[in-house]
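Observations on chain architecture
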Protein chains: 2
Amino acid sequence: MTIDTFSALEVDKIIQGDSLTVLRSLPDSCINFIFTSPPYADNRKKTYKGIPIKEYVTWFLPISSELKRVLKADGTFILNIKERTEDGERQTYVLELILEMRKQGWLWTEEYIWHKKNCYPGRWPNRFRDAWERCLQFNKQKNFKMYQEAVMVPIGDWSKKRLAKLSETDRIRDVSKVGSGFGKNVSNWLGKRFVYPTNVLHLSTECANRGHSASFPYSLPAWFIRLFTQEEDIVLDPFIGSGTSAIACLDLNRHYVGIEAMESYTNLARESVNNWKAGHNGHSKKLI
Amino acid sequence: MTIDTFSALEVDKIIQGDSLTVLRSLPDSCINFIFTSPPYADNRKKTYKGIPIKEYVTWFLPISSELKRVLKADGTFILNIKERTEDGERQTYVLELILEMRKQGWLWTEEYIWHKKNCYPGRWPNRFRDAWERCLQFNKQKNFKMYQEAVMVPIGDWSKKRLAKLSETDRIRDVSKVGSGFGKNVSNWLGKRFVYPTNVLHLSTECANRGHSASFPYSLPAWFIRLFTQEEDIVLDPFIGSGTSAIACLDLNRHYVGIEAMESYTNLARESVNNWKAGHNGHSKKLI
DNA sequence: GTTCCGCATGAATCGATAG
DNA sequence: ACTATCGATTCATGCGGAA
C-alpha cells in the first residue's frame, strides 16, 4: 500500500451512506479483503433490509462491480448469503448472481459452507430446518493471498469445539494474552499438531440479548479475515450492519472500512467500536 | 400403483445399458423416488466416468427430462453432485443445470448439504479440503410425499437439563402464545426423545461393508429413501454404479430399479445383491 | 476464578386469515 | 385471484447470574 492510497482512503471508519455511492468514492485497488453479508432478499418488506427477489441480481451487480474495482489484484471477496424459499421452492437469484458476477470478470473460486449449529426452530411438512448458508469466495485472479496457517485447528475432537467457540469469550482471552496478534497466538498454541480445516465451518449464531442482533456471529468474519489478511491490512464490509466485522478487525489488528445505510445501525456500529476501545483502556489502534 | 404399471416395469433388477435409452423404455409415473450420483464431469479423462464439463448440462438434460416423466407426481428426485474445480475455479455447470431443469418444469425444492466428515486428504495453496457435496431436491409439484418421522434423530443432551425442571417462564412464554396450550406442550416435550434433523447431513464416506468401493456411502441413499418412500415403494437409480442404492432398498424393503452402463459395474452391483440375499438366508424380497 | 444452570433468542417457513 | 400479515411450530446455543 502506498502513501497515496492512505491519503485518499480513510480507514477505521464506519461510513454512513448508500453502499454504491460510497464505494464509488473509494480509490482503485486499495482493499485487501472484502467480507459482507448483504441484505437478504425479501418480497414482503420494501425496506432497507429487504430487496425484492426479482430485483436482487440487478441491485447487486453494480455493487459487485465497484467491489472488484476497489479490491487489490490479489485480494479476496467473501459473500455470505442464502437464498430464500418462496412458493415452496428455493429461489435461484444467488445462482444467477454467481453466473453474472463471473461475466463481470470475477472468478468463483470456492464455496464455503457455514453450518449453523443452532439454526432456527420450526417444523414444516415439506422441509427441514435450514441449517446452512453459503460463503461464496470470489477473486480477481487465480493467485491470491491466503494465510492458511492462521486458521489451523488442533487435531482431535476438541478442535471442533475450539472453532465453534471463537466468539465473545474467546476474544477476551486472546486479547488478555497477547497484544501482538491473533495469528501468532494460534500458531504458538500448546499442541504442535495442527491440521488445516475444511471448507465446512461449524459455527453457532449468537443469541444473547445485547440490544441488537448480529446477523452473523463474530467468528464468521474473524475466521475469513485471519485466512485472507495479515495485520495492518484493510478490510471492507459494504453492509456492516451492527459492526461485527469492525470488531473482528480491531481484535485482529486489521484496518476496517465499514459502510452502512441506516443511521440507527451506523450508530450501533460506532458504539460497538467505542465500547471496544473503552474495554482496551482507551488505547485505540495506532493509525498510520 | 396399478397392475399395468407392474406388468410394464420389472423391479428389483440392475439393468445394463445406456441410462437415457433404458429410461425411455420405462412407463410414465411409475417411480416413487429417484436417487442418483451421476458420473462427475471431467475434462481430462474421456471415460464413462467423465463427461466433459462443457457438455455436462447438455448431456444431463435429456436424462432429467425422462426422469421427470417416469417419476410419480408426488415423488422426489435427489441429485447428489458437486462441481469440480478447473483452472482454480469452481465450475458452474451445476448451477446452470439447476436453472435449466427448472425450465423443464422441475421445482428446485431444497438443497441438502452432505457434510463428509472424513473427506479426502490433501493440501493446496489456494483452497482447503472439500468436505461437502450438494444433494439437490427436485419435485414435480409442491405437494410431495415426505415421511419425516422415519429420519428423526435423538434429542441433544441439553434436553436432560432443560426438561428436568419446568420453570415459571416456560409457562409464561407458552401462555403468551397460545393461552391454553401449556399442559399439552409440556407433556409433548417431556416424552420427546427424538427430534427432526436439519438439511445438513453429517455422514462419513464409509462404504457398504462388502469391500466394494462406492462413490457415496450406503447411509446417504438410505437416509433419503427412508425420508421419501414407504415400504414396497419403487426407487430408481439411473447411475447405480456398484449397487449401493440397491442394497439400501433391500435393507429397507423397497423395490429398486438400477441402471448401469458399464458391464463391470453391473456385475459388481448384481454380485452385491446376490451377496445380500445369501446373507439373508437366500430369502429374496417377495415380489409382487 | 471456575462451573453450573436457567433462559431468551434466532437472515425460518408454512398455512390460514384478512384486505 | 392475489397479496400482505400473523400465528404456530421448534431446538441448540451463548450469555449472565448463581453456586
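Since the model is a prediction, treat every value here as computed from it, not as a measurement.

1. Here's the deal with the packing of aromatic side chains
Here the structure, examined in full by the defined rule, presents 32 aromatic pairs over all chains. Judged by centre distance (5.6 Å) and plane angle (45°), the rings of B:W59 and B:F239 are tilted. You can see B:W59 sitting in helix α3 (residues 56-70) and its partner B:F239 sitting in the loop between β11 (234-237) and α9 (244-252), a full 180 residues away along the chain. By way of ring pairs, the aromatic residues A:F33, A:F35, A:Y112, A:F144, A:Y196, A:F216, A:W223, A:F224, A:F228 and B:F128 are connected into one cluster. Directly above the aromatic system of B:W114 lies the positively charged group of B:K116, at a separation of 5.7 Å from the ring centroid.

2. A word on helix α10 (residues 263-279) of chain B
All names here are of chain B. With 17 residues, α10 should cover 24 Å at 1.5 Å per step; its first-to-last C-alpha distance of 24 Å lies within 8% of that length. Every buried residue of α10 is listed here: T266, A269, S272, V273 and W276. Down the axis of α10, the sector holding all buried residues measures 120°, keeping them to one side. Turned more than 90 degrees from where α10 packs its buried face, E263, A278 and G279 sit exposed.

3. Considering the pattern of salt bridges
Evaluation of the coordinates by the stated rule reveals 28 salt bridges over all chains. The shortest N-O distance in the salt bridge between A:R69 and A:E66 comes to 2.8 Å. In this pair, A:R69 and A:E66 are both assigned in helix α3 (residues 56-70), 3 residues apart and thus about one turn of the helix distant. A salt bridge links B:E110 to A:R90, with the nearest nitrogen and oxygen atoms 2.6 Å apart. In this pair, B:E110 is assigned in strand β6 (residues 107-116) and A:R90 in strand β5 (residues 89-90), connecting two distinct chains. The pair formed by B:E110 and A:R90 is uniform in burial state, with each residue classed as buried. Taken together, the shared-partner salt bridges in this structure form one network comprising A:E83, A:E111, A:R134, B:E83, B:E111 and B:R134.

4. Some points on the interface of chain B and chain A
Accessible area lost upon the coming together of the parts is a frequently used measure of interface size. Counting residues at the interface gives 48 residues for chain B and 49 residues for chain A. Of the roughly 4200 Å² buried at the junction of chain B and chain A (both faces included), carbon and sulfur atoms supply 57%. Between chain B and chain A we count 32 residue pairs in polar contact (both at pLDDT 80 or more) in total. Looking at the side of chain B that touches chain A, the elements with two or more residues in it are β5 (89-90), α4 (93-103), β6, β7 (132-139), β10 (200-203) and α8 (219-228) of chain B. Considered class by class, the residues forming the side of chain B that touches chain A number 22 nonpolar, 10 polar and 16 charged.

5. What about the packing of helix α8 (residues 219-228) of chain A against helix α9 (residues 244-252) of chain A?
Residue and element names in this part refer to chain A. One way to put it is that α8 packs onto α9 with a least axis distance of 9 Å and a crossing angle of 50°. Viewed along their axes, α8 and α9 adopt a mutual orientation that is oblique. The interaxial crossing formed by α8 with α9 has right-handed handedness. Across the interface between the two elements, P221, A222, I225 and R226 from α8 touch T244, S245, A248, C249 and L252 from α9. Partitioning the contact of α8 with α9 into residue classes produces 6 nonpolar, 2 polar and 1 charged.

6. Here we look at unusual backbone geometry
Backbone geometry at B:S29 places phi at a positive 45°, although glycine is not the residue there. In this fold, B:S29 is placed in the loop between α2 (19-24) and β2 (31-36).

7. Quick notes on the relation of the copies chain B and chain A
Two chain copies here: they are related by a rotation about an axis and a translation along the same axis. Between the two copies, chain B and chain A, the superposition gives an RMSD of 0.2 Å; the rotation angle is 179° and the shift along the axis is 0.0 Å. The transformation just described matches what one would write down for a two-fold rotation axis. Minimal C-alpha separation from the rotation axis in chain B is found for B:L95, amounting to 3.0 Å. A shared interface surface links the copies, since 100% of the contact residues of chain B are contact residues in chain A too.

8. Description of the sheet that holds strand β6 (residues 107-116) of chain A
All names here are of chain A. Across the sheet, which stays open at both edges, the 8 strands sit in the order β1-β12-β11-β2-β3-β7-β6-β10 with mixed pairing between neighbours. A single partner strand is all that each edge strand has here, and the edge strands are β1 (13-16) and β10 (200-203). Across the sheet, the mean angle separating the axes of adjacent strands is 20° when strand polarity is ignored. With 4 bridges connecting them, β1 and strand β12 (residues 255-260) associate as parallel partners. Residue pairing across strands places I14 opposite G258, the latter belonging to β12. Packing of helix α4 (residues 93-103) onto the sheet brings it into contact with β3 (71-81), β6 and β7 (132-139), and relative to β7 it is tilted by some 5°. Sitting on the sheet, α9 is in contact with β1, β2 (31-36), β11 (234-237) and β12, with an inclination near 170° to β12.

9. Observations concerning α9(A)
Every α-helix carries 3.6 residues per turn, so stepping three or four residues along brings you back to the same face. Burial analysis of α9(A) places 9 of its 9 residues in the buried class, which makes it a mostly covered element. Downstream of α9(A) by a residue or two, A:N253 has a phi angle that is positive, lying close to 60°.

10. A look at the side chain of B:K82
Along the chain, the position of B:K82 falls in the loop between β3 (71-81) and β4 (85-86). A relative accessible area of 4% means that B:K82 is categorised as buried. Engagement of the side chain of B:K82 in a polar contact is seen with the side chain of B:D130, the distance being 2.8 Å. When sequence neighbours within four positions are dropped, the list of residues in contact with B:K82 reads A:N199, B:R90, B:Y93, B:V94, B:D130, B:W132 and B:E133.

11. A look at the pairing of β7(B)
All names here are of chain B. Burial analysis of β7 places 8 of its 8 residues in the buried class, which makes it a mostly covered element. The alternating pattern of β7 places W132, R134, L136 and F138 and E133, C135, Q137 and N139 on opposite faces, both of which are buried. By the bridge criterion, 6 bridges tie β3 to β7 in an arrangement that is antiparallel. Across the sheet, the residue bridging to N80 is C135, located in β7. Both β6 and β7 contribute to a ladder of 8 bridges, which runs antiparallel. When the sheet's bridge partners are listed, Y112 is paired in β7 with C135.

12. Some words on the confidence of the model for chain A
Residue and element names in this part refer to chain A. Across chain A, the average pLDDT comes to 83, with 77% of residues at 70 or higher. Contacts of residues 1-6 to residues separated by more than four positions or lying in other chains number 9 contacts, the stretch itself having pLDDT below 50. A low-confidence stretch, residues 284-288 (pLDDT under 50), is modelled with 12 contacts involving residues beyond four sequence positions or located in other chains.

13. What to know about the sheet that holds β11(B)
Residues and elements named next belong to chain B. With mixed pairing, 8 strands are arranged side by side in an open sheet as β1-β12-β11-β2-β3-β7-β6-β10. This sheet does not close on itself; its edge strands, each paired only once, are β1 (13-16) and β10. Neighbour to neighbour, the strand axes of the sheet diverge by 20° on average, direction disregarded. α4 contacts β3, β6 and β7 of the sheet and is inclined by roughly 5° relative to β7. Running at roughly 170° to β1, α10 makes contact with β1 and β12 (255-260) of the sheet.

Each value, and the rule that gives it
- Residues numbered from 1 in each chain as written.
- Chains lettered and ligands numbered in written order.
- Predicted model: local features only at pLDDT ≥ 70, side-chain atom pairs only at ≥ 80, totals over all residues.
- Heavy atoms only, no water.
- Phe/Tyr/Trp six-rings, centres within 6.5 Å; stacked < 30°, edge-to-face > 60°.
- Helix = DSSP H or I, 4+ residues; strand = E, 2+ residues; numbered from the N terminus.
- Lys NZ or Arg CZ within 6 Å of the ring centre and 35° of its normal.
- Expected span 1.5 Å × (residues − 1).
- Buried < 20%, exposed > 50% of the residue type's maximum accessible area, 1.4 Å probe, protein only.
- Arc of directions from axis to C-beta.
- Salt bridge = Lys/Arg side-chain N within 4 Å of Asp/Glu carboxyl O.
- Contact = heavy atoms within 4.5 Å.
- Buried area = accessible area lost by both parts, 1.4 Å probe.
- Polar contact = N/O pair within 3.5 Å; in protein donor to acceptor, adjacent residues only side chain to side chain.
- Nonpolar A, V, L, I, M, F, W, Y, C, P; charged D, E, K, R; others polar.
- Axes fitted to C-alpha atoms, helices over the stretch in contact; angles between N-to-C directions.
- Parallel < 35°, antiparallel > 145°, perpendicular 65-115°, else oblique.
- Left-handed = near helix turned anticlockwise from the far one by under 90°.
- Least-squares fit on C-alpha atoms with pLDDT ≥ 70 in both.
- Pairing = 2+ DSSP bridges.
- pLDDT = per-residue confidence, 0-100.

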